[in-house]
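Understanding the architecture of this molecule
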Amino acid sequence: DEERASGATWGAYRVTGRFDGTTLTLTKPPEPPVWQDHSNAAITAPCPEPDGGWEPKGTQEDIQPPNRYAQNQPGFAGLWVDHIGEPPHDELSPIVLTVAFIDMLARHESELRKLWEGPLCLVQFDRTLDELQTIQSELDRKLAKLGYGSTFSDISVTENTVTFGVVFATDELREELDERFGSGVVEVQSALTPVD
C-alpha cells in the first residue's frame, strides 16, 4: 500500500534496526508488514447465556432510551451489544445489551428493565468511563512530554482499560503506569519490540 507524493513515500512497513532512544537506524531494508487478523474477534456479553438461550427481543434501533439512561448515571462504566445468532448481522439483528456500572447494579437493572425488553447483561467494573477518559487525557499529555512518542490511545469499554501506544515501551514505563493507575489499568503497546 505504498503511496508517493511530493518526493515523500509512505505506507505500512516492518522495519528492523538499532534504536538509540531517538533515532532508528535500519540494519536491513524495510519489509512488508505482518498484520494480525482480527476479523473473527467478536464482542460478547460477559454474562452466562441462560438455559434455552437468549430470547431475541430488541435490536440496535431500540437501545437509545437505555443508552441515555446509562450515560446519565454517575457510575456509568460502559455499554456494548452482542448479536444473537450467526452472522451476517445488521442493525435489525437481535442483540444482548451489556451495561457496566461501578455500583448499584440492582437499581440500574430495575430502571433499565423499564426501558429495554431484550436480553440484558449488567456488569460491575472498577472505573467509570469518565475516569478512563481522564486517564487517557493525562497519558496523552504526560507521555508526549516524557519523550515516549505517542502513536495512539484508546479505551476498551469491554475491558475497562486504556490502551496506549508508544514508539518504544520500557519496563520502567509499564511499572510507573501500574503504580500510578493500578495494575493492568493501562496497557502499553510498543511500536518497536526487541528482536534477537
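First things first, this report covers the structure right here in the doc. Along every chain, residues carry numbers that run from 1 in the direction the sequence is written. Residues qualify for local features only when their pLDDT is at least 70, as the model is predicted, and side-chain atom pairs are given and counted only at 80 or more; totals for whole chains, interfaces and linings, by contrast, use all residues. Computation of side-chain values: all heavy atoms of the structure, hydrogens and water removed.

Here we look at the sheet that holds strand β8 (residues 150-156)
Here 3 strands make up an open sheet; going across it, the order is β8-β9-β10 and the pairing mixed. In this open sheet, the two edge strands, each paired with only one partner strand, are β8 and β10 (186-190). For this sheet the average axis-to-axis angle between neighbouring strands, irrespective of direction, equals 20°. Contacts: residue pairs with any heavy atoms within 4.5 Å of one another. Fitted lines through C-alpha atoms serve as axes, helices being fitted only where they are in contact, and the angles separating the N-to-C directions of these axes extend from 0 to 180 degrees. Working definition: helices are DSSP H or I runs of at least four residues, strands are E runs of at least two. Numbering for both runs from the N terminus. Each of β9 (161-166) and β10 is contacted by helix α4 (residues 171-181), which is oriented at about 165° to β10, the strand it contacts most. If DSSP finds at least two bridges between two strands, the strands pair.

Some points on the pattern of salt bridges
A pairing counts as a salt bridge when a side-chain nitrogen of Lys or Arg comes within 4 Å of a carboxyl oxygen of Asp or Glu. Scanning all chains against the criterion turns up 6 salt bridges. Across the pair glutamate 2 and arginine 4 runs a salt bridge whose closest N-O atoms are separated by 3.0 Å. Given the relative accessible area of 43%, glutamate 2 is considered partly exposed. Glutamate 55 is the salt-bridge partner of lysine 57, the closest N and O atoms lying 3.4 Å from each other. With a 1.4 Å probe rolled over the protein chains alone, any residue whose accessible area is under 20% of its type maximum counts as buried; one over 50% counts as exposed, and the rest are partly exposed. Under the relative-accessibility criterion, lysine 57 is labelled partly exposed at 36%.

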